[in-house]
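Tertiary structure, described
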Amino acid sequence: MKSISDTARLLTRNIKNSPMAVSCSRRDFFPDKQAILSAFTFFKDALFLYTISPRLSSKEGELNDFNKRLAKNLNVLRREIKHHLCFSGQETKAEAAGKKAQLLVKRFEEELPRLQDLAISDIQAAYTGDPAAKNYYEIMLCYPGLLAITLQRMAHFLYKNNLQLIARIITEHAHSLTGIDIHPGAKIGKSFFIDHGTGVVIGETTEIGDNVKIYQGVTLGAKSFPKDENGFAKKGLKRHPTVGDNVTIYAGAAILGPVRIAPGTVVAANTWITEDIL
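Below: a short report on this structure. Keep in mind the model is a prediction, meaning the values are calculated, not measured. Numbering of residues begins from 1 in every chain and follows the order in which that chain's sequence is written. Where local features are concerned, this predicted model is filtered to residues with pLDDT of at least 70; where side-chain atom pairs are given and counted, the filter is 80 or more; whole-chain, interface and lining totals use all residues. Water and hydrogen atoms were dropped before computing side-chain values, which therefore reflect all heavy atoms in the structure.

1. Here's the deal with the overall build of the protein
Stated formally: The secondary structure listing takes helices from DSSP runs of H or I that are at least 4 residues long and strands from runs of E that are at least 2 residues long, numbered from the N terminus. The criterion used for residue contact is that any of the two residues' heavy atoms lie within 4.5 Å. The protein chains shown are the only cover counted for residues, whose accessible areas, like all others here, come from Shrake-Rupley with a 1.4 Å probe.
For the protein, the helix and strand inventory stands at eight helices and 13 strands. Dimensions of the protein, computed from the C-alpha atoms along their principal axes, are close to 60 × 60 × 45 Å. A sequence separation of at least 24 residues applies to 48% of the contacts in the protein between residues at least 6 apart. Summed over all atoms, the accessible surface of the protein reaches about 15,300 Å², with 54% contributed by carbon and sulfur.

2. A closer look at the sheet that holds strand β4 (residues 201-202)
Quick note on the threshold: Should DSSP find at least two bridges between two strands, the strands are regarded as paired.
Taken together, five strands build an open sheet; the order of strands is β1-β4-β7-β10-β13 and the sheet is parallel. The open sheet has two edge strands, β1 (181-182) and β13 (272-273), and neither has a second partner. When strand β7 (residues 219-221) meets strand β10 (residues 254-256), the two strands line up parallel, connected through three bridges. Directly across from G221, in β10, lies its bridge partner L256.

3. Quick look at the packing of aromatic side chains
Threshold: In summary, the pairing rule links any two rings of Phe, Tyr or Trp, Trp by its six-membered ring, whose centres are within 6.5 Å, and it sorts them by plane angle into stacked for under 30 degrees, edge-to-face for over 60 and tilted for everything else. To sort residues, take the accessible area from a 1.4 Å probe on protein chains only and compare it with the maximum for the residue type: under 20% means buried, over 50% means exposed, and anything in between is partly exposed.
Evaluated as defined, the whole model comprises nine aromatic pairs. Ring centres 6.3 Å apart and planes at 40 degrees place the aromatic pair F42 and F66 in the tilted group. Of this pair, F42 sits in helix α3 (residues 33-46) while F66 sits in helix α4 (residues 59-87), placing them 24 residues apart in sequence. F66 shares its class with F42; the two are buried. A centroid spacing of 4.8 Å and a plane angle of 55 degrees characterise the contact between Y127 and Y136, whose relative ring orientation is tilted. Using a relative accessible area of 39% as the deciding quantity, one classes Y136 as partly exposed. Each residue in the set F40, F42, F43, F66, F108 and F157 is aromatic and connected to the rest through ring pairs, giving one cluster.

4. Here we look at the pattern of salt bridges
Formally: Any Lys or Arg side-chain nitrogen found within 4 Å of a carboxyl oxygen on Asp or Glu counts as a salt bridge.
All chains considered together, the criterion is met by eleven salt bridges. Ionic pairing is found between K99 and E95, a salt bridge with its closest N-O pair at 3.8 Å. You can see K99 and its partner E95 sitting in helix α5 (residues 94-129), four residues apart, about one turn around the helix. Here K99 and E95 have matching classes, each one exposed. D122 is the partner of R153 in a salt bridge, and the nearest nitrogen-oxygen pair spans 3.0 Å. Remark: D122 occurs in helix α5 and R153 occurs in helix α7 (residues 144-160); sequence separation between them is 31 residues. Each member of the pair, R153 together with D122, is buried.

Laid out in structure tokens, this is it:
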């Protein structure tokens, strides 16, 4: 019978001999998934403030507490971006990675007010579009679509800055919480509302205009995956739909491939679309 140490040795050897093996020089920079998720849970709540500190005794106390927590979580993000840069090989020296991480975190901090404006527009779109919504706070605290969209918008900033691994950690966390799968590469306009949400899939190269509403089970996906000479799916191609402003897509619709959906279109439930609607 094997001992625990034998099992541990076997598990260690197997992973070191696999394609997932990480070199010693990179191992110290392996991403801290829980730290990333904790920080972005805070950033998501920071856009709404009340969900962070609803009952502090004074405005001054609230602001001081908010400042400290914002600084703490931005520092966590700085560290994880530095690790990402080193782990991915984008930077070979920790000092250079640290300086670049500091610049990226500053850009993210400056992006937060714009992300807040977008989140507010998404809340307003949900309130306008859902007769079951009694008030804005119900949407803020309860709606899975808002959670998924807000996290995706933050992850999209990281994705655009070549921090795809951290971005994907964030959106897959949102996916696990809500059943809504939005790739961090997707470009989404303001006032976006996902009603109900379960089973929604939005692919990497999807582009969505302003004032778009979609229902549960909608797929904005790829129709096929062209292969390279080695038989692997080609990267970086436009594979997903472009949806114009003021479009409504009802439950179960599948829009596949780099097709265009004209502004103002209403897509019926359970339809299968692989050609432009112009």
